[in-house]
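One letter stands for each residue in the lines below.
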Amino acid sequence: MTRIGVLALQGDVEEHIYALMKASKTSNLNVEVVEVKKPSQLDSIDGLVIPGGESTTIRYLASYIGLTPKLKAKIEEGIPTLATCAGLVILAKKARDAVLKEPEQSLLGVLNVEVLRNAFGRQKDSFETKLLVEGFGEVKAVFIRAPIVTEVWNPAKPISKLNHPKLGEVIVAVKQENIIGLAFHPELTTTAFHEWLINEAIK
Ligand code: GLN
């Protein structure tokens, strides 16, 4: 039995759980989904989802319950990880905020990217679009107060770019060894990335 943990402190946890169940059915793979709310729940998992939500809240709660060091170690040890939207912000080595203009503290710092939080603006600037993602083909992507990737360095690589009317060409998806980081919300439109995670976790 393969176990996938979903960091379940805040954000769209349910949507990821549903997407994982759907992905396990379509790929005919046996998966148990674990909601990760405390450090010990990280011990038995083979794959990890860091969901979207509010990165400052998730970060605060993770450090409040003492989850941060183990979470960081687990990802650095190589556990397959899918991080979406706020999840991408949490994994980034560097982050800035486009709306608040405040400097950000270092987060988990495991992914070689700089992100700009809320890069498209506020909630009313959220949108949907079709996107070409290397290794996944064309996907429908939902951007909700999304970040963009403003800098990426080895071994992280961009796997998708978006041409935005205001911002021009921006990086919205990256891969670094065991990690895929997406600025959008795949759990709302496709199971492709959850299938990737399950397949990596089974290896
Ligand atoms: N704007 C949020 C943040 O920076 C992310 C939004 C999301 O996950 N949909 O934390």
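Please read all numbers here as calculations on a predicted model, not as lab measurements.

## Some thoughts on a nonpolar patch on the surface
Together, Tyr60, Tyr64 and Ile65 line one region of the surface with nonpolar side chains, adding up to about 370 Å² of accessible area. Tracing the backbone through its elements, the reader meets Tyr60 in helix 2 (residues 55-64).

## Some remarks on the nonpolar core
With 67 residues, the main nonpolar core has Ile75, Leu91, Phe143 and Phe184 as its most contacted residues. Aside from chain neighbours lying at most four places away, what touches Phe143 is Phe120, Ser126, Phe127, Thr129, Leu131, Leu162, Val172, Ala183 and Phe184.

## Re the site of the ligand
In the vicinity of the ligand, the contacting residues are Gly52, Gly53, Glu54, Ser55, Cys85, Ala86, Arg117, Asn118, Ile144, Arg145 and His185. Between the ligand and the protein, one listed contact pairs an oxygen atom with a backbone N or O atom of Gly53 at 2.9 Å. Take Ala86: an N or O atom from its main chain is 3.0 Å from an oxygen atom of the ligand. Starting from 300 Å² of accessible surface for the ligand in isolation, the protein chains cover 98%.

## A closer look at helix 1 (residues 13-26)
Between its first and last C-alpha, helix 1 extends 20 Å over 14 residues, near the 20 Å set by a 1.5 Å rise per residue. Buried residues of helix 1: Val13, His16, Ile17, Ala19, Leu20, Ala23 and Ser24, and no others. One side of helix 1 carries all its buried residues, which in axial view fall inside an arc of 165°. Pointing more than 90 degrees away from the buried face of helix 1 are the exposed residues Glu14, Tyr18, Lys25 and Thr26.

## Let's talk about the UniProt feature "binding site: L-glutamine" (unreviewed entry) in the protein chain
The positions that UniProt labels "binding site: L-glutamine" (unreviewed entry) are, in the present scheme, Gly53, Glu54, Ser55, Arg117, Ile144 and Arg145. Taking the farthest pair of C-alpha atoms as the criterion, the annotated set spanning 93 residues converges on one region, since that pair is 12.8 Å apart. Looking at where Ile144 falls in the secondary structure, it is placed in the loop between strand 8 (137-143) and strand 9 (148-152). Relative accessible area serves as the criterion here: at 29%, Ile144 is assigned to the partly exposed category.

## Let's talk about helix 3 (residues 68-76)
Side chains of residues three or four places apart in an α-helix project in the same direction, reflecting 3.6 residues per turn. Taken together, the buried positions of helix 3 are Leu71, Lys74 and Ile75. The arc enclosing the buried residues of helix 3, seen along the axis, measures out at 95°, which places them on a common side. In helix 3, the exposed residues that point more than 90 degrees away from the buried face are Pro69 and Glu76. Residues of helix 3 that are buried sit in contact with strand 1 (2-7), strand 3 (47-50), strand 4 (81-84), helix 4 (86-91) and strand 12 (179-182).

## A short note on the environment of Leu29
Take Leu29: it is sitting in the loop between helix 1 and strand 2 (31-36). Assessed through its relative accessible area of 23%, Leu29 is described here as partly exposed. Here the alpha-carbon distance between Leu29 and Asp43, two residues 14 residues apart in the chain, equals 21 Å. When residues no more than four places from it in sequence are discounted, the contact partners of Leu29 are Ser24, Ile198, Asn199 and Ile202.

## Some remarks on the packing of helix 1 against helix 5 (residues 192-202)
Two elements in contact, helix 1 and helix 5, have axes whose closest approach is 8 Å; the angle formed by their N-to-C orientations is 70°. Taken together, the axes of helix 1 and helix 5 lie roughly perpendicular to each other. The handedness of the crossing between helix 1 and helix 5 comes out as right-handed. Seen from helix 1, the contacting residues are His16, Ala19, Leu20, Ala23, Ser24 and Thr26; seen from helix 5, they are His194, Glu195, Leu197 and Ile198. When grouped by side-chain class, the residues that make up the contact of helix 1 with helix 5 number five nonpolar, four polar and one charged.

## A closer look at the packing of aromatic side chains
Each aromatic ring pair is characterised by the separation of its centres together with the angle its planes make. Following the criterion strictly, the structure yields seven aromatic pairs and no others. Centre to centre, the rings of Phe120 and Phe127 are 5.1 Å apart; their planes meet at 75°, and the pair counts as edge-to-face. Here the aromatic rings of Phe184 and Phe193 are separated by 6.1 Å at their centres, their planes lie at 70°, and the arrangement is edge-to-face. In terms of burial, Phe184 and Phe193 fall into one category: buried. Each residue in the set Phe120, Phe127, Phe136, Phe143, Phe184 and Phe193 is aromatic and connected to the rest through ring pairs, giving one cluster.

Thresholds applied
- Residues numbered from 1 in each chain as written.
- Predicted model: local features only at pLDDT ≥ 70, side-chain atom pairs only at ≥ 80, totals over all residues.
- Heavy atoms only, no water.
- Patch = residues over 30% accessible without salt bridge, like charges linked within 9 Å, V, L, I, M, F, W, Y side chains within 5 Å.
- Areas by Shrake-Rupley, 256 points an atom, 1.4 Å probe, with all protein chains shown as cover.
- Salt bridge = Lys/Arg side-chain N within 4 Å of Asp/Glu carboxyl O.
- Helix = DSSP H or I, 4+ residues; strand = E, 2+ residues; numbered from the N terminus.
- Core = buried A, V, L, I, M, F, W, Y, C linked by side-chain atoms within 4.5 Å.
- Buried < 20%, exposed > 50% of the residue type's maximum accessible area, 1.4 Å probe, protein only.
- Contact = heavy atoms within 4.5 Å.
- Near = heavy atom within 4 Å.
- Polar contact = N/O pair within 3.5 Å; in protein donor to acceptor, adjacent residues only side chain to side chain.
- Expected span 1.5 Å × (residues − 1).
- Arc of directions from axis to C-beta.
- UniProt positions renumbered as here; feature names shortened; annotations may be inferred.
- Axes fitted to C-alpha atoms, helices over the stretch in contact; angles between N-to-C directions.
- Parallel < 35°, antiparallel > 145°, perpendicular 65-115°, else oblique.
- Left-handed = near helix turned anticlockwise from the far one by under 90°.
- Nonpolar A, V, L, I, M, F, W, Y, C, P; charged D, E, K, R; others polar.
- Phe/Tyr/Trp six-rings, centres within 6.5 Å; stacked < 30°, edge-to-face > 60°.

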